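Secondary and tertiary structure notes
Given next are the chains, with one letter for each unit.
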Amino acid sequence: RRSLMSIIRQYICHDISTDEVDAILGFLSAMNDPTLLDDVLRHLLCLLTTPNYQNMLSALLWERGVVFLVLIQTQDFDVRLTTLRILTQLNLKQGGVEGGVVYSTLHSGAFAAAMCQNEQCLPSSIILALLDLCIVKNNDNQTCHISNFDVYLATLRLLRTASMSIRHTICQNFISCLHLNSSHVAKLAESKGWERLLLWLLTPCISDLENPTEAESATSETYDVVMKTIGCILWHCIIREQSEGKTRQVCGQFMAALDLFVTEQKLIVPVTLIKQRIFLLLMNAVTLECLSVPSWSPENMLSTVVLQLSQLLEAFIISSYPLFDTKEDLEVIFQKFSHDVILELNKDHCSKQLLEQYWEMLKAAHMLEGPIQPALMQSVLRMFLASACSDDAEYCQYGCKLQELQFLEAPDAAFVLRYIATQFSSDQLPTARVTLIQHLLQCYGKKELVHMPLCLPDLTSDTFVTKLVEYSKRKEWFAWLSELQAKQMQYSEVVYKWLKDLSNHTRQCKEDCEIANKKRKDTVFADLDNYQITVSHQFYSQRESELSRQKTLDNQYRHELSAVLQRWSCTRRFLTGECGAWKNRDPDLYLWKMDRTENFSRMRLKLARNYNYNKHTDASQRRSGETPLLANTADTSLLAMATATKSSSEEEEEHLFDQIQKLARDEPAVAQEKDKKEKLVKRETCQLVTVVEVISGTLDITNKCIYFVSDPQDKDAIPWYPTDFTIGLDLIRELHLRRYKTRRTALEMFLLDQTNYFLNFSTKKILNKVCNCIVSLNNPNLNIFSTQEPAKLMQSSGLTQKWVKREITNLDYIMQLNTISGRTYNDLNQYPIFPWILRDYSSDTLDLSKPEVFRDLSKPMGIQNPDLEEKIKTKYEEFEDPVMGKFHYGTHYSNATTVMHYLVRLEPFTSLQIKLQCGMFDHPDRQFFSIPNAWRITYLGSDVKELIPEFFCLPDFLRNINGYDLGVTQSKIVVGDVILPKWASSPEDFIRQHREALESEFVSAHLNEWIDLIFGYKQTGPEAEKAMNVFNKYSYQENVDLHNIEDEKIRRKLECLINNFGQTPTRLFSEKHPTRLQQSPVRPIKTGTGVFGGKSQALRPTAIWRPEDLCTSYAEVAAAPVVFLGTPSRQTKALLTSNETLVTVTALGVANVHVWLPYSNGKQSHPFTLQPDLNPSKCPCLGGPFDKDLHISSHLFALSSNKLLLSAGHWDNSFRTYSLEKNKMVARTTHHTAVVTCMAVDRLGTEDLLITGSKDTTCVIWKFSKHDPPSRPQQTLYGHDAEVLCVDISSELDLAISGAKNGTCLVHTIRSGQLVHKLRPKKSCEIRHVAVSSTGVMVVYSVGLQSTAAAAVVPCLHLYSINGRLLEEKSLNVPLSTIVVEDKWIITGSEKGFLSFVDLFSLNRQVQLSLTAPICSFFMVRDHQSKVCTHLLVGLKDGKIAILYPKDSIQAPP
């Protein structure tokens, strides 16, 4: 440190620039080393006081204000103190220079507002330094002027954390400065909330408890100074504008502010004493003012001040006055009060000093020397009458001062005499009151204005009081009182009106005070926002820039090291893998795990390689008793531990391999972060919830992207695991509000690439802010309705109507119900729920036409056995658990253990179950080893589990593909692959038939009954009781509110209970669910990529639903074989005003664009319109010669959705792009090192992707922009060692498949470019066609090599699952020229003119249509909204195209 400091000193002292000073302080501030930073700042402070450097350095620091960066971000008090001293020196040297960051910041209300928000207990040295920054001192070092009033007042508020001695010293200087500068008093009076500011100084200080003796003295002195300051300001406000009601307004507002303040804070003295002191100070000020005017008269302008002070004091000291805040109270109380005036002195409010000062004010104002205002006279009379009638003799003496009032009017005299007359009830009267009575009777009794009765006792007699009391009981006396009462009523009305006005004014002052307080807060908040924008944001940007620079440097080495390790790991695997150059060496072994990729139906079909696998032999040994169990020391439930498992270090290398391509993809994102136009909109802390872990981090939302950065501790806990993610706003498709641990504080984001992220926030308020922020950024792809509550979202989505009309499948509908109700793959406790469909698992064949093979969908799983109904009903009626309440079933149909139970053969669920079972596998008899056995257990009432989506889409979860030792049951059954029903020959066959059962007519007719149980009106309430569908009360979200449970232990126990038992989905329907329409000839279609698929449309017949009924028409479009044809997938929206296009390419490379409409224009009898364009001048040629070794086929051409025609096979190794709208070539793209031999576009995906294959043995994935051709490759796929002949791509499944000339077929992922599978159908063959279906089935067509040795190899179709398993293969008699996979069909075209429809699962040919010429190409025309296939277009060798369409096609446009 000393060496560094010496270098910095030399550097600063030798011609340093502003940027260099900023760089040094910015670096040291960001380093967060307070000791080093303080040393540098002290050196700067020393230089500022040195004549040789102070001018130069002060100018540099004054201009840029980098010291504020230190002041804002540091938490060290020593550094702050030194920084404030530097600012003070700068202010002294440059204070007169208007301009620069320091000046504008110091003299802004924003900086003052920021000072007010500092709630921590600051040292006195910091407060004094802040005050020094705002004042100008004289030669005696005394404050003579305040240069920065706003910051000074803000600093005074910080004194609430200072000791009383410090407060007294500062307040003493402050009051002295106010006396010296009257303008300061005016400024302070004009400041909003000055009352609260000074009252803060009267709050107790915790630090004074240590020295109570000294604190008591300082408290008294501080109180005295503060009250003088308040009195000075109030008097200034009164005399500044002596208009009508000004005194009452000023005092009323302060009293209201005082009353409001004491409801929030505690004061060092009672409120009553403060109010007494205010009255004393103001009356003393009036007295001094009157005495200072020699010729003062009652008509002077101060008479109004005296009157209003008198009335305010009267209302304060007389407790019998009914002053209420509400109008209702006023009306009721004053009606009663108006009949008589009651004067009772409030001894808690009144004091002798107060009355004495009041009398002195009256004398100084000459109010006792002549007639005065009637209102003032009445106020004086009431106060002194109250004193005279007090039980305290000393107060009675002050009441006798009424004797000095000589100018009473008739109503006043009547009021006084009658009120005194009511005090004759006892002869034990104080002497002072006797004297007063004698005086009043003597002065006013003989006057005609009051008509005193005759025969009064002698006023000078010693027995006057006794005789007067006796006389007061006579009729004459009561008659006289009655006579006085009429006159007093007039006086009471005056008092009533005045008190009513005063009460209204008091209430108005309180309301004005609350409004002023709110405005003050709004001003402070506005100033804070201004401070954030003008000051804090600027310097935090500097800090972030410095931190970013340091972070970049710090991470550069780690990134380089990580990149080297990743690339080496990837290169080693690639070179030693099955397709690598060193493939003869032993390749790395791997197992399989579940892949997160979903298709459009949200089904997970794929497995991923798990290189860092664990065979879990230790878990098997512990189950068998060969190894001791792991100790379970956790306090929470085992299930909670399992659902919060972190990735172990064993997965490091795997995650490196998985993310090897992520770095390259993140580079544009990093560049985007640095984009100057990208601005941070919101930042919140949250948790990223996944199946195996919960990662804490920070969510940053900008106007372009969303960033999640995990906390450092999570990075350390999961080394090498990339827990951060970046997504563009335009990729977000839907936002769904979610529950997490029963709290509705989570958000799930669904992206266009079929991925999703589940984020949990601390409160629902933060969740709403984040959600509103994302919606407000105007993402064009975001469906804003997805943020509605589930029930409203269900109603607005229109999904029910689509399902009723059979526009979507049962599987899609159930999955969307799960999605909307909050079920997610990211939380095991809220995993999607699917129903048991069948009950027949013992027959040899499955006959779906028999109702008895299906379960009863109207009943829960617990009562599928009718024999159990009565037993469960009796148990429900007779037993009620004190904790769980009444329920039919002790378990739930869906929870985390259920998911682990079913998916135990796949990671990560294998590890999760082992964690749940204390480090071992569950007992074999409890494992999921047989589907018939699982149904039998449920049917017998031992379980109520429903199913999960994998039962309808993923056959591999039924295989023990990883070879785990799951044990042997007591009946000697080895737990390996799941035992299937007799009617299923394989897991794939089971999934296929199970899926058919789900879509069967019986299930379609009764699925609504199951929906009523799980998502509908039978979920809770009386209907649930009738349906025997009641579970643990804590599984229903309406019965749990963890936010209101303050006890942490109780909340944790309840969370564990919920985690172990399960959570019921959010209720979506409050009424009975409608039934589905009966089966129609129209094939149900898929919902698409999200919850919202648009409005319900009239369905068009699908051309492949009944291929045997297809009609055929022919049209001549060229004079050469049509090797390619297609229509852009995105046509114009105005279908009735604009023509669509059909593109054909001939074997000569000539492209034709024809007018095509998928409906009749009224002139044709067939359901389409085709106008061939045979004009040679309009038919562009697709460029220079094709490679002479290539056969011109459909593999060389592709048509994008944005009307770009692409061609391959050119001699210059390029592929070329032609614009159909411009009718010319727009791009020539060269990336491959050999001829491009094939290409394909993603037909149904959400991304415009292109894949090209080449003779250089590589494949490249490209992406189209909105209107431009592809120019930069997204991925390069390696692995082939021969020419690539055919390719296909599916962004829906994240899958690219390619076939080579040597008979190998490789499957890669699109996003990461990983090799997933290598398929080798037959030896001595070449792959001519590959295709992949939306369900994940891959079709490969192979033929024998073009050599005599391989002539015996016949053409063959091979069927593979998405996970590389060979399902079926079949030899063919006729070579094929084209293959397309759609729905349940493989559509093939042969060189002999046969169009065949082959069953996708058995490879049996079902329908064969004979056309007039050999088939060269094939295309399926789809409806743009529903994606239904409406027409089949077949390109023929004779230059014609065959149009196939169903018989019942619609003859008019949709």
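Residues numbered from 1 in each chain as written. Predicted model: local features only at pLDDT ≥ 70, side-chain atom pairs only at ≥ 80, totals over all residues. Heavy atoms only, no water.

1. Remarks on the overall build of the protein chain
Stated formally: Numbering of helices and strands starts at the N terminus; helices are DSSP runs of H or I of at least 4 residues and strands are runs of E of at least 2. Here's how the labels work: a residue is buried when its accessible area is under 20% of the maximum for its type, exposed when over 50%, partly exposed in between, all with a 1.4 Å probe on protein chains only. Only heavy atoms matter for contacts: two residues are in contact if any of them lie within 4.5 Å across the pair. Accessibility throughout is a Shrake-Rupley quantity obtained with a 1.4 Å probe, and a residue counts as covered only by protein chains that appear here.
Looking only at helices and strands, the protein chain has 42 helices and 39 strands in total. Expressed as a percentage of the 1454 residues in the protein chain, the buried residues total 56%. Looking at the protein chain alone, contacts between residues at least 24 apart form 64% of all its contacts between residues at least 6 apart. Carbon and sulfur atoms provide 51% of the accessible area of the protein chain, an area that totals close to 63600 Å².

2. Observations regarding helix α42 (residues 1048–1061)
Where we set the bar: Between the first and last residue of a helix there are one fewer steps than residues, each counted as 1.5 Å, and that sum is the expected span.
The end-to-end C-alpha separation of α42 is 20 Å, in line with the 20 Å expected for 14 residues at 1.5 Å each. When α42 is considered as a whole, its buried residues turn out to be Arg 1051, Leu 1054, Glu 1055, Cys 1056, Ile 1058, Asn 1059 and Phe 1061. Count one or two residues on from α42 and you reach Gly 1062, which has phi positive near 125°.

3. Some details on the sheet that holds strand β29 (residues 1325–1332)
Applied cut-off: Pairing between two strands is assigned when DSSP locates at least 2 bridges connecting them. Each axis is a line fitted through C-alpha atoms, taken for helices only over the stretch in contact, and angles between the N-to-C directions span 0 to 180 degrees.
Here 4 strands make up an open sheet; going across it, the order is β29-β30-β31-β32 and the pairing antiparallel. Taken across any chain shown, the strands that pair with only one partner, and hence form the sheet edges, are β29 and β32 (1366–1371). Strand after strand, the sheet turns through a mean of 20° between neighbouring axes, direction not considered. Pairing of β29 with strand β30 (residues 1338–1344), which is carried by 7 bridges, proceeds in the antiparallel orientation. Opposite His 1329, over in β30, you have Tyr 1341 as the bridge partner.

4. Regarding the packing of aromatic side chains
Operational definition: What counts as a ring pair is set by centres within 6.5 Å for rings of Phe, Tyr and Trp (its six-membered ring), and what kind of pair is set by the plane angle: stacked under 30 degrees, edge-to-face over 60, tilted for all other angles. A ring is scored as having a charge over it whenever the NZ atom of a lysine or the CZ atom of an arginine sits within 6 Å of its centre and within 35 degrees of its normal.
A full pass over the atoms with the stated rule returns 27 aromatic pairs. With a centroid separation of 5.4 Å and 40° between ring planes, the pair formed by Phe 834 and Phe 952 is classed as tilted. Highlighted residues: Phe 834 in the loop between α34 (810–820) and α35 (869–878) and Phe 952 in the loop between α38 (931–939) and α39 (987–998), separated in sequence by 118 residues. Across the pair, Phe 952 and Phe 834 agree in class, each one buried. Taken together, the ring pairs connect Trp 836, Tyr 841, Trp 935, Tyr 939, Trp 983 and Phe 990 into an aromatic cluster. The ring of Phe 1401 carries the charged tip of Arg 992 above its face, separated from the ring centre by 5.5 Å.

5. Some points on the pattern of salt bridges
The condition is simple: Criterion for a salt bridge: a side-chain nitrogen of Lys or Arg within 4 Å of a carboxyl oxygen of Asp or Glu.
Evaluated as defined, the whole model comprises 31 salt bridges. Note that Asp 700 is salt-bridged to Arg 683, the shortest N-O span being 2.6 Å. Separated by 17 residues along the polypeptide, Asp 700 in strand β6 (residues 694–702) and Arg 683 in strand β5 (residues 680–689) bring together distant segments of the chain. Among the residues examined, Asp 700 registers a relative accessible area of 11% and is labelled buried.

6. Considering the confidence of the model for the protein chain
Detailed reading of the predicted model is not advised wherever pLDDT is low. Condition: pLDDT is defined as a per-residue confidence score from the predictor, taking values between 0 and 100.
In the predicted model, the protein chain carries a mean pLDDT of 77, and 70% of its residues have values of at least 70. Taken as a whole, residues 1082–1088 scores under 50 in pLDDT and shows 28 contacts with residues more than four places along the chain or in a different chain. Note that pLDDT drops below 50 for residues 1131–1138; the model gives that stretch 11 contacts with residues more than four away or on any other chain.

7. A short note on empty space enclosed by the protein
Under the convention used in this document: We place a 1 Å grid over just the protein atoms. Points where a 1.4 Å probe fits but has no way out form a cavity, open points with protein on both sides within 12 Å along at least 5 of 7 lines form a pocket, and any residue with an atom within 4 Å of a point lines it. Grid points are joined across faces, edges and corners, and a volume is the space filled by probe spheres set on the points. Here the term charged refers only to Asp, Glu, Lys and Arg, the term nonpolar to Ala, Val, Leu, Ile, Met, Phe, Trp, Tyr, Cys and Pro, and the term polar to all other amino acids, Gly among them.
Summed over the entire model, instances satisfying the criterion amount to 7 cavities of 30 Å³ or more. Quantified by volume, the second largest cavity comes out at close to 60 Å³. In terms of lining residues, the second largest cavity is bounded by 13 residues, among which Pro 860, Met 861, Tyr 893, Glu 946 and Phe 1031 are the most central. Considered class by class, the residues forming the lining of the second largest cavity number 9 nonpolar, 2 polar and 2 charged.

8. Some words on the pairing of β30
The buried fraction of β30 is high, at 7 of 7 residues. Burial along β30 is two-sided: Met 1338, Val 1340, Ser 1342 and Gly 1344 facing one way and Val 1339, Tyr 1341 and Val 1343 facing the other are all buried. Here β29 folds back onto β30, and the loop between the two strands holds 5 residues, one of which, Gly 1336, carries a positive phi near 95°. As judged from the 5 bridges shared by β30 and strand β31 (residues 1356–1360), these two strands associate in the antiparallel manner.

9. Quick word on the sheet that holds strand β37 (residues 1415–1422)
Note on sheets: strands pair through backbone hydrogen bonds, and any given pair is parallel or antiparallel. An order of β12-β39-β38-β37 is seen for the 4 strands of this open sheet, with the pairing classed as antiparallel. Of all strands in the sheet, those bounded by a partner on one side alone are β12 (1111–1116) and β37. On average, each strand axis in the sheet is tilted by 20° relative to the strand beside it, whichever way the strands run.

10. Let's talk about the packing of helix α16 (residues 271–291) against helix α19 (residues 352–364)
Stated precisely, the cut-off is as follows: An angle below 35 degrees is treated as roughly parallel, one above 145 as roughly antiparallel, one from 65 to 115 as roughly perpendicular, and anything else as oblique. Take the far helix as your reference; a near helix turned counterclockwise from it by less than a right angle gives a left-handed crossing, and one turned clockwise gives a right-handed crossing.
For the pair α16 and α19, interaxial distance at closest approach is 9 Å and the crossing angle is 20°. The orientation of α16 relative to α19 falls into the category roughly parallel. Crossing of α16 against α19: the hand is left-handed. Each of Gln 276, Phe 279, Leu 280, Met 283, Asn 284, Val 286, Thr 287, Cys 290 and Leu 291 in α16 lies in contact with α19, whose residues at this interface are Gln 353, Leu 354, Gln 357, Tyr 358, Glu 360, Met 361 and Ala 364.

11. So, the side chain of Ser 821
Which entries qualify depends on this criterion: We call two N or O atoms a polar contact when they sit within 3.5 Å, provided that within protein one can donate a hydrogen and the other can accept it, with sequence-adjacent residues counted only if both atoms are side-chain atoms.
Examined against the element boundaries, Ser 821 turns out to sit in the loop between α34 and α35. Looking at Ser 821, its side chain comes within polar contact range of the main-chain oxygen of Asn 818, at 3.1 Å. Beyond its immediate stretch of four places on either side in the chain, Ser 821 contacts Phe 1015, Pro 1065, Thr 1066 and Leu 1068.

12. Remarks on the packing of helix α15 (residues 246–262) against α16
At a closest axis distance of 11 Å, the pairing of α15 and α16 adopts a crossing angle of 160°. It follows that α15 is roughly antiparallel to α16 by the angle criterion. Classified by chirality, the crossing of α16 by α15 is right-handed. Residues Cys 251, Phe 254, Met 255, Leu 258, Asp 259 and Val 262 of α15 lie in contact with α16, whose contacting residues are Val 271, Ile 274, Lys 275, Ile 278, Phe 279 and Leu 282. Its residues assigned to classes, the contact of α15 with α16 shows 10 nonpolar, no polar and 2 charged.

13. Here's the deal with unusual backbone geometry
Residue Glu 907 is joined to Pro 908 through a cis peptide bond whose omega torsion reads 5°. Looking at where Pro 908 falls in the secondary structure, it is placed in the loop between α36 (896–902) and α37 (909–916). Positive phi values are uncommon outside glycine, yet Lys 741 reaches one of about 55°. Here Lys 741 lies in the loop between β9 (732–740) and β10 (743–751). Despite not being glycine, Lys 972 shows a phi value in the positive range, around 65°. Following the sequence through the fold, Lys 972 ends up in the loop between α38 and α39.

14. A word on the pairing of strand β25 (residues 1284–1290)
Burial within β25 is extensive, with 7 of its 7 residues counted as buried. As defined by bridge partners, β25 adjoins strand β26 (residues 1295–1300) across 6 bridges and the pair is classed as antiparallel. Bridge pairing in β26 links Cys 1286 to Gly 1299. Between β25 and β26, which pair antiparallel in sequence order, lie 4 residues; one of them, Asp 1294, sits at a positive phi of approximately 55°.

15. So, the state of the cysteines
Defined as follows: We call a pair of cysteine sulfur atoms a disulfide whenever their separation is within 2.5 Å.
Applying the stated criterion across every chain, the model contains 0 disulfides. Not engaged in a disulfide, the cysteine Cys 1286 finds its nearest cysteine sulfur in Cys 1238; these two sulfurs lie 6.4 Å apart.

16. A word on the side chain of Asn 1363
Position of Asn 1363 relative to the elements: it lies in the loop between β31 and β32. Residues contacting Asn 1363, with those up to four places away along its chain left out, are Leu 605, Lys 606, Leu 607, Leu 954, Asp 956 and His 1317.

17. A few points about the environment of Ser 620
One can find Ser 620 in helix α26 (residues 617–624). Among the residues examined, Ser 620 registers a relative accessible area of 4% and is labelled buried. Distance in space between the C-alpha atoms of Ser 620 and Gly 919 is 9.1 Å, their sequence separation being 299 residues. When neighbours within four sequence positions are excluded, Ser 620 is seen to be in contact with Phe 921 and Asp 965. Among the polar contacts listed, one links the side chain of Ser 620 to the backbone oxygen of Asp 965, at a separation of 2.8 Å.

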